[in-house]
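# Structural overview for review
If you want the building blocks of each chain, they are given just below.
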Amino acid sequence: GCDHIIYKGELEEHLSTCSQCNKHFRIKANDYLNLLFDNESFIESDKDVTPGDPLNFSDEISYVKRYEQAVQKTGLKEAITIGTGFVDGKKISIA
């Protein structure tokens, strides 16, 4: 970045991009989907799908514990978001 002080309103106005150097800041998946899709048109599919551990993965931390920590940290049940919505009036699917 350029060390430019960016206020929240300015950052939102420029879609999480610095107006001085064009650095792109991280945004949450849901915020990104809201930028891509026409107003309120995105409908998420398979929201209740959760991963399993069919291989009984073992490490210093169990897979189940890692999963629980990731859900707590991100608030998401899965690493991918799947759904449909409209972009410029055309229906599309995204994953």
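In what follows, the accompanying structure is described. Nothing here was measured: the structure is a model prediction, and the numbers come from that model.

Moving on to the layout of surface pockets. Any empty space left between atoms is shown by rolling a water-sized probe over those atoms. Empty space within the largest pocket amounts to approximately 240 Å³. Every residue lining the largest pocket is counted, 13 residues in all, and those nearest its centre are E44, D46, K47, E78 and I80. Of the residues assigned to the lining of the largest pocket, the class counts are 4 nonpolar, 4 polar and 5 charged. Taken as a whole, the second largest pocket spans an internal volume of roughly 160 Å³. Among the secondary structure elements, those contributing two or more residues to the lining of the second largest pocket are α1 (8–13) and α2 (29–36). For the lining of the second largest pocket, the element with the highest residue contribution is α1, accounting for 3 residues.

Its 12 residues give helix α3 (residues 63–74) an end-to-end C-alpha distance of 16 Å, which sits within 8% of 16 Å, the value for a rise of 1.5 Å per residue. Phi for G75, located one or two positions after α3, is positive at around 80°.

Here the focus is the packing of aromatic side chains. Applying the stated criterion across every chain yields a total of 1 aromatic pair. Each ring, one from F37 and one from F42, has its centre 5.1 Å from the other, and the planes form 45°; the classification is tilted. Above the face of the F25 ring, K23 is positioned so that its terminal group lies 4.8 Å from the ring centre.

What counts, and where the lines are drawn
- Residues numbered from 1 in each chain as written.
- Predicted model: local features only at pLDDT ≥ 70, side-chain atom pairs only at ≥ 80, totals over all residues.
- Heavy atoms only, no water.
- 1 Å grid on protein atoms, 1.4 Å probe; cavity = no way out; pocket = protein on both sides within 12 Å on 5 of 7 lines; lining within 4 Å.
- Points joined across faces, edges and corners; volume = space filled by probe spheres on them.
- Nonpolar A, V, L, I, M, F, W, Y, C, P; charged D, E, K, R; others polar.
- Helix = DSSP H or I, 4+ residues; strand = E, 2+ residues; numbered from the N terminus.
- Expected span 1.5 Å × (residues − 1).
- Phe/Tyr/Trp six-rings, centres within 6.5 Å; stacked < 30°, edge-to-face > 60°.
- Lys NZ or Arg CZ within 6 Å of the ring centre and 35° of its normal.

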